[in-house]
Amino acid sequence: MEHHSGLVLPNSGHNRDAEASKLGMWLFLFTEFLLFGGLFIVYMVYRMLNPEAFLTASYQLNVTLGAMNTVVLLVSSMTIAMSITAIQQGNSKRSIQLLVFTVAASLVFLVIKYFEWSAKIHHGLFPGMDVFNRLPHGEGLFFYLYFFMTGLHALHIIIGAIFIVVVIFRTKNGLLNADNYSHTENAGLYWHLVDMIWIYLFPLFYLIH
Amino acid sequence: MAATTELNFFQVKKGLFSWIFSVDHKRVGLLYLYSIMAFFLVGVILGVLMRLELLNPGKDLMEAKTYNQVFTMHGVIMIFLFIIPSIPAVFGNFFLPIMLGTDDVAFPKLNLLSWWIYVVGALMALSTLLFGDGPADTGWTFYAPYSVRTGTNVTMSVLAAFVLGFANILTGLNFIVTIHRLRTPGMTFFKMPLFAWALYATSWIQLLATPIIGITLLMIVAERVLGVGLFDPSIGGDPILYQHLFWIYSHPAVYIMALPAFGIISELLPTFTHRTIFGYKAIAFSSLAIAFVGYFVWGHHMFTTGMSGAARIVFSIMTFLVAIPTAIKVFNWVATLYKGSIDVQPPLLYALGFIFQFMIGGLSGLVLGALASDVHLHDTYFVVGHFHYVMFGGTGFAFFGALHYWYPKIWGRMYNKTIANIAFVIFFIGFNTLYFPMLISGLMGMPRRYYDYLPEFHLPNMISTYGSWILATGLVLMLGNLIAGFFGPKPEIGRNYWGGITLEWQTLSPPPLQNFDKMPEIPKGGPYDFENNY
Ligand code: HEM
Ligand SMILES: [Cu+2]
């Protein structure tokens with residue numbers, strides 16, 4: 001029930017405003033980046049203090065699996081970008097297909113991650129396990145940061161995938177279309193962020209030798 | 001159509017659910033007001049209890065450990081549940097959209113979500129009372145390594161602070177987008193009221209700083225749960241690293257507390273002096289300057305905890321630099337008062353109280369920012385006096401000033417002004433009696449965070465505790481008077497009770513749901529141009 005004089009303000013908070021929602025998303029991504037930024041600082045400090053130990057420990061990681069995941073994420077970033085173009089051009093069906101592909105890629109990423117992690121845990125390298133406890137402190141820190149940072153990143157993958165699934169359903173229901181696709185764009189922005197963080201994590205943990 | 005038949009935002013819908021699920025920025029602001037006030041009162045009771053313990057040397061009321069838990073709980077409540085959200089979440093939510101001439105914030109649903117997150121975080125913080133070894137006893141700073149080792153519920157308190165950070169981020173994000181996208185046509189950036197400018201700068205700090213504390217607190221949790229030494233030296237960690245990460249957030253957080261208060265003062269002074277603010281642009285830009293420089297001074301909390309000499313000197317110099325934009329504001333406010341036609345009303349009293357107390361707080365801050373004197377004063381009661389002057393005497397007073405200022409606009413009612421003036425005087429005297437002696441006992445060398453002290457500190461502590469009783473009396477009188485205003489016959493308030501000039505005074509009191517019943521008109525000569533608009 002509405003009781004008002006019928007005055008409509010030109011710039012209303014209840015208008016649909018694609019610019020605003022994108023600006024909001026960018027600001028949010030900024031905070032996400034800073035969240036990981038704090039961890040990058042800690043990583044940097046301890047890497048500088050324990051260069052040898054970090055090096056030794058990093059040889060334990062499986063570069064092949066890490067590289068596969070990098071490829072998976074890069075491809076998924078491309079497909080989500082394509083799905084935005086598709087919906088812009090009014091092709092909702094194609095957009096949905098590409099989004100489904102992106103979600104599938106996120107699942108592939110998580111499965112590979114699962115195998116990686118379980119191999120480490122199997123070797124007793126998770127913090128608190130016996131092998132881990134006997135490691136020199138610097139190597140322990142490496143694995144600790146490895147689990148912390150890739151774990152937090154995997155959590156972001158899951159959130160991003162849920163976000164994309166929501167977008168898929170909203171596109172199906174016709175809520176998102178060529179005139180209103182800012183949610184699709186935002187899902188894309190978020191996904192690119194998740195991708196970009198991985199682009200930093202991968203060399204930091206797997207490649208620096 | 002007769003405007004008076006318009007329903008105000010209280011009347012459009014009724015019932016508890018219409019409030020706790022409302023996306024109206026005015027209702028969200030009031031939800032925040034009621035919850036923040038409730039926690040503030042809990043914090044005050046804890047503060048008064050501590051003062052009672054400190055009335056005499058020796059143990060009076062509580063064990064050392066209980067005392068430690070009480071000051072931690074007091075600090076956590078006052079910082080995370082009261083002062084950080086206070087002005088932005090209450091008055092920012094309520095008035096920012098109105099001042100910009102729009103009908104809501106940019107993301108109304110996120111706004112409601114932020115209040116819910118706040119409630120969840122608050123309940124998490126309070127839940128530490130109920131289980132295990134009780135609330136944290138580390139101090140609100142959660143310094144490692146103690147926070148890693150103590151058996152009290154640090155994990156839960158820290159997670160609560162983490163969750164509360166989300167609420168702040170959502171509010172800040174909302175305000176930035178609102179200011180960029182929803183200003184009414186003709187409201188350029190430099191026609192915005194200074195309160196909006198202050199919120200703008202604050203929101204950026206919230207966005208830039210909060211994630212760092214978030215991740216730092218998560219690292220504490222992980223260290224406690226997994227037992228890997230990031231911060232605890234006995235298992236190979238570095239406690240100084242924790243302090244850096246903590247203060248990288250928590251120093252800018254000081255400006256999250258202070259800048260909105262500056263904004264409030266910049267609203268109150270023009271209204272009650274009936275003249276334009278002196279140095280509008282200087283005030284607006286100094287907020288941004290403070291926000292910027294404020295990022296590079298965190299080390300002044302760590303002068304005594306192990307940093308290189310060069311780093312200490314740089315941090316000390318930077319700290320002195322922040323004083324410049326802050327002083328610019330104070331001089332502009334005083335210049336605004338000069339030759340204004342001053343109308344002494346309760347809100348103005350709070351603004352004057354703010355200027356006086358904030359100045360003591362700021363100057364004592366310079367004493368602490370100077371390397372040589374800080375080494376002597378670090379972790380003494382001088383620090384406790386200093387930050388209460390800034391946060392409570394400054395931001396707290398601005399908060400209550402804002403409450404008295406916008407009261408007729410929000411509720412369309414009025415409190416008793418004589419009682420409000422009396423309550424202010426008692427509150428003001430109580431405040432200074434409570435905290436000024438702390439500056440002195442600090443200079444004498446009394447350390448903070450102890451439930452006991454040497455007999456030579458007795459006198460200042462006694463005076464201080466008496467002060468806490470006076471202050472509590474003033475507070476009860478002030479709040480009682482505000483609450484009494486809700487009852488009894490409704491006076492005729494009109495649109496512009498104080499003769500203000502910002503847009504909220506053009507609409508009805510209380511405002512209708514969509515904020516305006518007719519298009520707001522932007523003052524031609526800028527936001528505070530009284531001469532050309534009246
Ligand atoms: C009636 C009001 C208040 C009283 C009586 C009071 C009193 C005190 C006392 C006695 C301490 C502890 C000193 C120590 O042992 O180190 C303290 C600490 C503190 N207070 Fe208050 N206070 C009051 C209001 C406030 C307000 C309004 C704020 C914030 C806006 C605040 C923020 C703090 C903080 C952050 C601490 C430091 C806690 C810690 O050391 O971890 N207080 N207060
Ligand atoms: Cu500081």
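As the structure is a prediction and not an experimental result, all values here were calculated from the model. (Residues numbered from 1 in each chain as written. Chains lettered and ligands numbered in written order. Predicted model: local features only at pLDDT ≥ 70, side-chain atom pairs only at ≥ 80, totals over all residues. Heavy atoms only, no water.)

## Some remarks on the coordination of the iron atom of ligand 1
Ideal donor angles around a metal are set by the shape: a four-donor tetrahedron calls for 109.5 degrees, a six-donor octahedron for 90 or 180 degrees.
Residue and element names in this part refer to chain B.
Part 1 of the argument: All of the protein donors around the iron atom of ligand 1 are H74 (NE2) and H388 (NE2); their distances to the metal are 2.0 Å.
Part 2 of the argument: One can describe the site at the iron atom of ligand 1 as octahedral: its six donor atoms subtend angles covering 85 to 180 degrees at the metal. Within this pair, whereas H74 is found in helix α3 (residues 64–83), its partner H388 is found in helix α14 (residues 381–411), the two being separated by 314 residues in sequence. No difference in accessibility class separates H74 from H388, as the two residues are buried. (Donors = N, O, S within 2.8 Å, 3.2 Å for Na, K, Ca; no water. Tetrahedral: all angles 85-135°; square planar, octahedral: opposite > 155°, others 65-115°. Helix = DSSP H or I, 4+ residues; strand = E, 2+ residues; numbered from the N terminus. Buried < 20%, exposed > 50% of the residue type's maximum accessible area, 1.4 Å probe, protein only.)

## Quick notes on the environment of Y118(B)
Residues and elements named next belong to chain B.
Part 1 of the argument: Inspection of the secondary structure puts Y118 in helix α5 (residues 108–127).
Part 2 of the argument: C-alpha of Y118 to C-alpha of G134: the two residues are 16 residues apart in sequence and 21 Å apart in space.
Part 3 of the argument: What Y118 contacts, discounting residues up to four positions off in sequence, is Y32, S35, I36, F39, F80, L81, P85, L164 and A167. (Contact = heavy atoms within 4.5 Å.)

## So, the site of ligand 1
All names here are of chain B.
Part 1 of the argument: Taken together, the neighbourhood of ligand 1 is formed by 26 residues, with Y67, H74, W140, H388 and R449 sitting nearest.
Part 2 of the argument: Between ligand 1 and Y435, the relevant distance is 3.1 Å, taken from a nitrogen atom to a side-chain nitrogen or oxygen of the residue.
Part 3 of the argument: Side-chain polar atom of R448 to an oxygen atom of ligand 1: 3.0 Å apart, as the coordinates give it.
Part 4 of the argument: Elements represented by at least two residues in the shell around ligand 1 include exactly α2 (25–53), α3, α14 and α15 (417–444).
Part 5 of the argument: Take the shell around ligand 1: its biggest share by element is seven residues, from α3.
Part 6 of the argument: Taken together, the residues that form the shell around ligand 1 break down as 18 nonpolar, five polar and three charged. (Near = heavy atom within 4 Å. Polar contact = N/O pair within 3.5 Å; in protein donor to acceptor, adjacent residues only side chain to side chain. Nonpolar A, V, L, I, M, F, W, Y, C, P; charged D, E, K, R; others polar.)

## Remarks on the packing of helix α1 (residues 18–49) of chain A against helix α8 (residues 194–226) of chain B
Two packed helices can be described by the angle between their axes and the distance between those axes.
Part 1 of the argument: Close contact between α1(A) and α8(B) brings their axes to 8 Å; oriented N to C, the two are set at 40 degrees. Regarding the angle of α1(A) to α8(B), the classification is oblique. In the packing of α1(A) onto α8(B), the handedness of the crossing is right-handed. Across the interface between the two elements, L27(A), F30(A), T31(A), L34(A), L35(A), G38(A), L39(A) and V42(A) of α1(A) pack against W204(B), L207(B), L208(B), P211(B), I212(B), I215(B) and M219(B) of α8(B).
Part 2 of the argument: Its residues assigned to classes, the contact of α1(A) with α8(B) comprises 13 nonpolar, two polar and no charged. (Axes fitted to C-alpha atoms, helices over the stretch in contact; angles between N-to-C directions. Parallel < 35°, antiparallel > 145°, perpendicular 65-115°, else oblique. Left-handed = near helix turned anticlockwise from the far one by under 90°.)

## Points about unusual backbone geometry
Residue and element names in this part refer to chain B.
Part 1 of the argument: Following A144, the chain continues into P145 via a peptide bond in cis, with omega recorded as 5 degrees.
Part 2 of the argument: Along the chain, P145 turns up in the loop between α5 and α6 (146–149).
Part 3 of the argument: Each neighbour pair has its own omega, and for S509 with P510 the value is -10 degrees, a cis peptide bond.
Part 4 of the argument: Within the element layout of this structure, P510 appears in the loop between α16 (458–484) and α17 (530–533).
Part 5 of the argument: Although it is not a glycine, H274 sits at a positive phi angle of roughly 55 degrees.
Part 6 of the argument: Take H274: it is sitting in the loop between α9 (239–273) and α10 (280–293).
Part 7 of the argument: Owing to a relative accessible area of 33%, H274 belongs among the partly exposed residues under this scheme.

## Quick look at the coordination of the copper ion (ligand 2)
Residue and element names in this part refer to chain B.
Part 1 of the argument: Protein coordination at the copper ion (ligand 2): the donors are H251 (ND1), H300 (NE2) and H301 (NE2), at 1.7 to 2.0 Å from the metal.
Part 2 of the argument: Linear spacing of the donor residues for the copper ion (ligand 2) on their chain is H-x48-H-H.
Part 3 of the argument: We classify H300 as buried; its relative accessible area is 13%.

## Concerning the interface of chain B and chain A
Part 1 of the argument: With 49 residues of chain B in contact, the opposing surface of chain A contributes 36 residues.
Part 2 of the argument: Summed over both partners, the interface of chain B with chain A comes to about 3700 Å²; 76% of that surface belongs to carbon and sulfur atoms.
Part 3 of the argument: Run the count over chain B and chain A and you get one salt bridge.
Part 4 of the argument: A salt bridge links R181(B) to D17(A), with the nearest nitrogen and oxygen atoms 2.9 Å apart.
Part 5 of the argument: Run the count over chain B and chain A and you get eight residue pairs in polar contact (both at pLDDT 80 or more).
Part 6 of the argument: Ranked by the residues each element gives to the side of chain B that touches chain A, the list is headed by α8(B), at 11 residues.
Part 7 of the argument: Class assignment of the residues belonging to the side of chain B that touches chain A gives a composition of 32 nonpolar, eight polar and nine charged. (Buried area = accessible area lost by both parts, 1.4 Å probe. Salt bridge = Lys/Arg side-chain N within 4 Å of Asp/Glu carboxyl O.)

## A word on the layout of surface pockets
Part 1 of the argument: For the second largest pocket, the calculated volume is near 1600 Å³.
Part 2 of the argument: In terms of lining, the second largest pocket is formed by 49 residues, of which the most central are M25(A), H183(A), N186(A), F107(B) and L110(B).
Part 3 of the argument: Broken down by secondary-structure element, the contributors of at least two residues to the lining of the second largest pocket are α1, α6 (137–172) and α7 (182–207) of chain A together with α5, α7 (154–181) and α8 of chain B.
Part 4 of the argument: In terms of residue class, the lining of the second largest pocket is made up of 29 nonpolar, 15 polar and five charged. (1 Å grid on protein atoms, 1.4 Å probe; cavity = no way out; pocket = protein on both sides within 12 Å on 5 of 7 lines; lining within 4 Å. Points joined across faces, edges and corners; volume = space filled by probe spheres on them.)

## Some thoughts on helix α4 (residues 86–100) of chain B
Residues and elements named next belong to chain B.
Part 1 of the argument: With 15 residues, α4 should cover 21 Å at 1.5 Å per step; its first-to-last C-alpha distance of 20 Å lies within 8% of that length.
Part 2 of the argument: Along α4, the helix axis deviates most sharply at G92, where the bend reaches about 55 degrees.
Part 3 of the argument: Taken across its 15 residues, α4 has 15 buried, putting it largely inside the fold.
Part 4 of the argument: Following α4 by one or two positions, G101 adopts a phi angle in the positive range, close to 80 degrees. (Expected span 1.5 Å × (residues − 1). Bend = angle between axes of the 7 residues up to and from the residue.)

## A word on the packing of aromatic side chains
Residues and elements named next belong to chain B.
Part 1 of the argument: For the structure on display, the rule yields 87 aromatic pairs over all chains.
Part 2 of the argument: Taking the centre distance of 5.5 Å and the plane angle of 65 degrees together, the rings of F292 and F296 count as edge-to-face.
Part 3 of the argument: Classification of F296 by relative accessible area gives partly exposed; the value is 38%.
Part 4 of the argument: Centroid distance F424 to F428: 5.7 Å. Interplanar angle 25 degrees. Geometry classified as stacked. Separated by four residues within a single helix, F424 and F428 lie in helix α15, roughly one turn from each other.
Part 5 of the argument: Residue F424 is classed as buried on the basis of its relative accessible area of 7%. (Phe/Tyr/Trp six-rings, centres within 6.5 Å; stacked < 30°, edge-to-face > 60°.)

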